[in-house]
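Each chain, written out:
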Amino acid sequence: MLIVSWNVAGWSSTVTRIDRYFKPAQEDSANNASSVSSNKKKRKLHPAAAIQHFMERHHADIFCLQEHKLQKQQLANRLEPCQASCIPGYESFWSCCVHEKYKGLNGVVTYAPIGSVVAADPAPLGSPDLDSHGRCIMTDHGSFCIFNIYAPNSSGHPLSFKMKFLQALRRAMLRQRERNKAVILVGDFNICHKGIDNFWKDNFVHIQDILTEVNDKTSGTIQDKTTLPSWKLEIGRHWEAIEKVMQTQEVVQTKTQNSMTNESYNKYRLAVTLPDGRRVHLGKHETSPDFCQYGYDFSASTYCDADTDEILPSREANVVRVSVLAELMAKLAGVLWDEDRQREIADACATEPRVSPTRQWLSQLLTEDQMVDSFRYLYPSAKGRFTCWHQFTNRRYENEGHRIDYCLVDQSLKPRIQRGSTLRCCSKDDTDEEFALGETAALRAATANGMFEPASYGGEGIQQASQAALDTQFGEAHTGMIYTPPSFSDHIAVSVLLENEDGGLLSQDHVLSTDAATRKAQPHKAQMSIASFFGAGNNQTSSTTTSTTAKTTRKAPLGSTVPASKNTISKATTSRVKKYSIMHHFQKQAN
């Protein structure tokens, strides 16, 4: 059983690309016996045939997507692109953002084979404030359940909201375990767990540790004959002055110009003033003043726990990224560190932050709740294997990214984790497992061995890759990473392959519940087709009969229901029709 998880950053645009590049060839079918023509005619493809073909090429049994960004009403009115809610052979279960402020954002959806889901819940966190954001969908598959999540990021919401979401999610998973369900958690966590999951320049140096070490060494507190590296002494010599300069920081408005188009843009940048009065800019040009100071605030901070009102630490003081530290030393202290020196520092002491509530939460899942990070379980030392890159600065093409997408499984499912094929390298060395663990292999995989090209600075956006490059994402089912193209999303897909001999894990004999939560997870079924509307009077059956039929038959293309007389419209049917919808129009005509 292969579970694929992917932040698509807008399902509509991704579906459009899938439909364009991966539509299967139309099948030819012979004319019926009554036809006088001996020619063959093409059978019309289902609108979602390309998505189905795409999923099949990935061998995906269950497909979990984040950031679909579709609104509930859009699905209810069947206005989603390519009828993406009704892929042949699959049921889809949606959680849409209904929060007034964030409509059209967020959203998660899980596709699963017909008959493989017992029930679903688009609001499993038990909090209207959290569930209204459409960040979590739970599907019950009998012996196990899947939580598909899109966790809040650090820039869009305060840390207190993110921690409230994460703690509620942990409680929701515990409730399922109490029902004897094994839990699988997939999605975009927006958490980079360990230093190995981060590009090395984005890891953190704990400055206070170095200052203490330098002070102890130079003052003779520690009798040690070893010599400190020069870069530690340089930090010890200049950090106090750097701190004073950083107190002068301010955000200033700037203008940038595209050298190819001559277009001008209003931007912002962080500026500081040196003791001699000179102004120095730090960081990059940003579209928002808040973004300018991100990474340059070295003070300790706290947050308020939303459940307990307790004030808790969220960051240590003087914890600085390697890249930022090198910039400060160069611009504020006049000390230049080349790439080799920066790498030496990163390898020697740069890690993830020691104080980080979100990372601590993920660690608790892996230790206290005994969940298994399927990727790190199989590849504990793999370097450069990231799942997200900054698109606007072309960081994927240098493989400067982060691993923030995960597939976690409960301890009881650990024996079922299968490797499948090894980590992909997009080269002849794909079968070399030792090579696959290194940074060179990871760069080749991220760029399709150089076939994915960075966006130009002329404003044309990401370069369209060749079909050969697009097809590099496909391969054998495996636990690991699926290098979907950069033009599809700034994230790639991740996957976990679980042993499912004789259907022992994923059964397709389940009857889908008709409870309120499950119905809410399928808003696309609220709007009837024209054919099913007119046939309602003759085709009303119990929910049990309908569900039983769904177990044994594959999903037919939309609109395949045989219509009955348009005069047989029941009161039950008319009461379900929304005013001003197309169904409302036909109801008025029939009456």
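Residues numbered from 1 in each chain as written. Predicted model: local features only at pLDDT ≥ 70, side-chain atom pairs only at ≥ 80, totals over all residues. Heavy atoms only, no water.

(A) Inspection of helix H10 (residues 339-349) at higher detail. Three or more residues of H10 are buried, namely Gln342, Ile345 and Ala346. Along the axis of H10, the buried residues cluster in a sector spanning 100°; they form a single face. The exposed set on the far side of H10, more than 90 degrees from its buried face, consists of Asp340, Asp347 and Ala348. Those residues of H10 that are buried are in contact with strand S11 (204-206), helix H7 (230-246) and helix H9 (322-333). Of the residues that open H10, the one with a side-chain oxygen 3.3 Å from the backbone nitrogen of Asp340 is Asp338. (Buried < 20%, exposed > 50% of the residue type's maximum accessible area, 1.4 Å probe, protein only. Helix = DSSP H or I, 4+ residues; strand = E, 2+ residues; numbered from the N terminus. Arc of directions from axis to C-beta. Contact = heavy atoms within 4.5 Å. Polar contact = N/O pair within 3.5 Å; in protein donor to acceptor, adjacent residues only side chain to side chain.)

(B) Examining the packing of helix H6 (residues 207-219) against H7 more closely. H7 packs onto H6 with a crossing angle of 100° between their chain directions and a minimal axis gap of 9 Å. The pairing of H6 with H7 is recorded here as roughly perpendicular in orientation. Contacts from Ile207, Ile210, Leu211, Glu213 and Val214 of H6 reach H7 at Trp231, Lys232, Leu233, Ile235, Gly236 and Trp239. When the residues that make up the contact of H6 with H7 are grouped by side-chain class, the tally is eight nonpolar, one polar and two charged. (Axes fitted to C-alpha atoms, helices over the stretch in contact; angles between N-to-C directions. Parallel < 35°, antiparallel > 145°, perpendicular 65-115°, else oblique. Nonpolar A, V, L, I, M, F, W, Y, C, P; charged D, E, K, R; others polar.)

(C) Broad picture of the packing of helix H1 (residues 11-21) against helix H2 (residues 49-57). It is the contact of H1 with H2, at a shortest axis distance of 8 Å, that shows an interaxial angle of 85°. Judged on the interaxial angle alone, H2 and H1 are roughly perpendicular. Residues Trp11, Val15, Ile18 and Asp19 of H1 pack against Ala50, Ile51 and Phe54 of H2. Partitioning the contact of H1 with H2 into residue classes produces six nonpolar, no polar and one charged.

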